[in-house]
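# An overview of the molecular structure
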Amino acid sequence: MKDYRIARIEKKAEAVWGKDRSPKEMLVIGRREWIGLPQLGVSALHGKIDTGAYRSSLHAEQVEAFMREDEEWVRFITHSQDGREVACQCEVAFRKRVKSSNGEARERYFLRTKFRTPRGLEWPVLVSLADRSEMTFPLLIGRRALSRRFVVDTSQSHLLGSQGDLTGKHWKRKRKENQQGE
């Protein structure tokens, strides 16, 4: 059996970065950003900012609901940016029928979790689970997660930092040595 990472986010209100910021105080982000989901054990995902989508969506496979202490939970598999499988468990916030971009309506599980940026900023979000295997980005970040925190510059990408800033792993490019013996 897989070793599932357990995430349980308290439902109590908490002081959160970015709450009720004025437009002058909001951060500018690009059309794509690196985002971590620390409660789910996902260190970095390439997320697409989609102001046309209300809620955020995370790629999930092998989704299975179960009961724990009279509460509905879900376990699923997602993938980190480096391609490794990450087994997750999380309490279900609610279920709802959602119409996808292709017009097909399906019931989805919604989870309360947190997003983390390369700068270390975290905030609570609602994320639905969906099969995004045919999509370029495993994480879609919708308006609700962005509201009162960010302004989107669609001409830019990765304004919040690099994947290495988020994971702590910085890759050095190997310089090609001059073959002429210099």
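All of the points below concern the structure found in this document.

Criteria and cut-off values
Residues numbered from 1 in each chain as written. Predicted model: local features only at pLDDT ≥ 70, side-chain atom pairs only at ≥ 80, totals over all residues. Heavy atoms only, no water. Helix = DSSP H or I, 4+ residues; strand = E, 2+ residues; numbered from the N terminus. Buried < 20%, exposed > 50% of the residue type's maximum accessible area, 1.4 Å probe, protein only. Contact = heavy atoms within 4.5 Å. Areas by Shrake-Rupley, 256 points an atom, 1.4 Å probe, with all protein chains shown as cover. 1 Å grid on protein atoms, 1.4 Å probe; cavity = no way out; pocket = protein on both sides within 12 Å on 5 of 7 lines; lining within 4 Å. Points joined across faces, edges and corners; volume = space filled by probe spheres on them. Nonpolar A, V, L, I, M, F, W, Y, C, P; charged D, E, K, R; others polar. Pairing = 2+ DSSP bridges. Phe/Tyr/Trp six-rings, centres within 6.5 Å; stacked < 30°, edge-to-face > 60°.

## Re the overall build of the protein chain
Along its length, the protein chain carries 2 helices and 12 strands. In the protein chain, the succession of α and β elements from N to C terminus is β-β-β-β-β-β-β-β-β-β-β-α-β-α. Buried positions account for 42% of the 182 residues belonging to the protein chain. When contacts within the protein chain are restricted to residue pairs at least 6 apart in sequence, those whose partners lie at least 24 apart make up 62%. Of the roughly 11,500 Å² that the protein chain leaves accessible, carbon and sulfur atoms contribute 44%.

## Looking at empty space enclosed by the protein
A full pass over the atoms with the stated rule returns 2 cavities of 30 Å³ or more. Reported here for the second largest cavity is a volume of approximately 40 Å³. Considering the residues around the second largest cavity, the lining is formed by Ile29, Glu33, Ile35, Ile49, Phe115, Trp123, Ile141, Leu146, Phe150 and Leu160. Across the lining of the second largest cavity, the residue classes break down as 9 nonpolar, no polar and 1 charged.

## Concerning unusual backbone geometry
Although it is not a glycine, glutamine 62 sits at a positive phi angle of roughly 50 degrees. Among the secondary structure elements, glutamine 62 is positioned in strand β6 (residues 61-68). Overall, the relative accessible area of 53% leaves glutamine 62 in the exposed class. The backbone phi angle of histidine 158 is positive, close to 55 degrees, even though this residue is not glycine. Tracing the backbone shows histidine 158 in the loop between β12 (150-153) and α2 (163-167).

## Some points on the environment of glycine 52
Structurally, glycine 52 can be placed in the loop between β4 (42-49) and β5 (56-59). When its relative accessible area of 62% is taken as the criterion, glycine 52 is described as exposed.

## Re the environment of glycine 41
Mapped onto the fold, glycine 41 is located in the loop between β3 (32-37) and β4. Spatially, the C-alpha atom of glycine 41 lies 8.3 Å from that of alanine 87, the residues being 46 residues apart in sequence.

## Notes on the pairing of strand β8 (residues 85-99)
As paired elements, strand β7 (residues 71-79) and β8 share 7 bridges and run antiparallel to each other. Considered in β8, the bridge of isoleucine 77 is made with alanine 87. Between β7 and β8, which pair antiparallel and follow one another directly, the connecting turn spans 5 residues, one of which, glycine 83, has a positive phi of 95 degrees. Bridge count between β8 and strand β9 (residues 105-116): 7 bridges; the pairing is antiparallel.

## A word on the packing of aromatic side chains
Tallied over the full model, the rule gives 4 aromatic pairs. Geometrically, the ring pair formed by phenylalanine 94 and phenylalanine 110 is stacked, given 4.6 Å between the ring centres and 15 degrees between the ring planes. One end of the pair, phenylalanine 94, is in strand β8; the other, phenylalanine 110, is in strand β9, and 16 residues separate them in sequence. What makes phenylalanine 110 buried here is its relative accessible area of 1%. A centroid spacing of 5.2 Å and a plane angle of 55 degrees characterise the contact between tryptophan 123 and phenylalanine 150, whose relative ring orientation is tilted.

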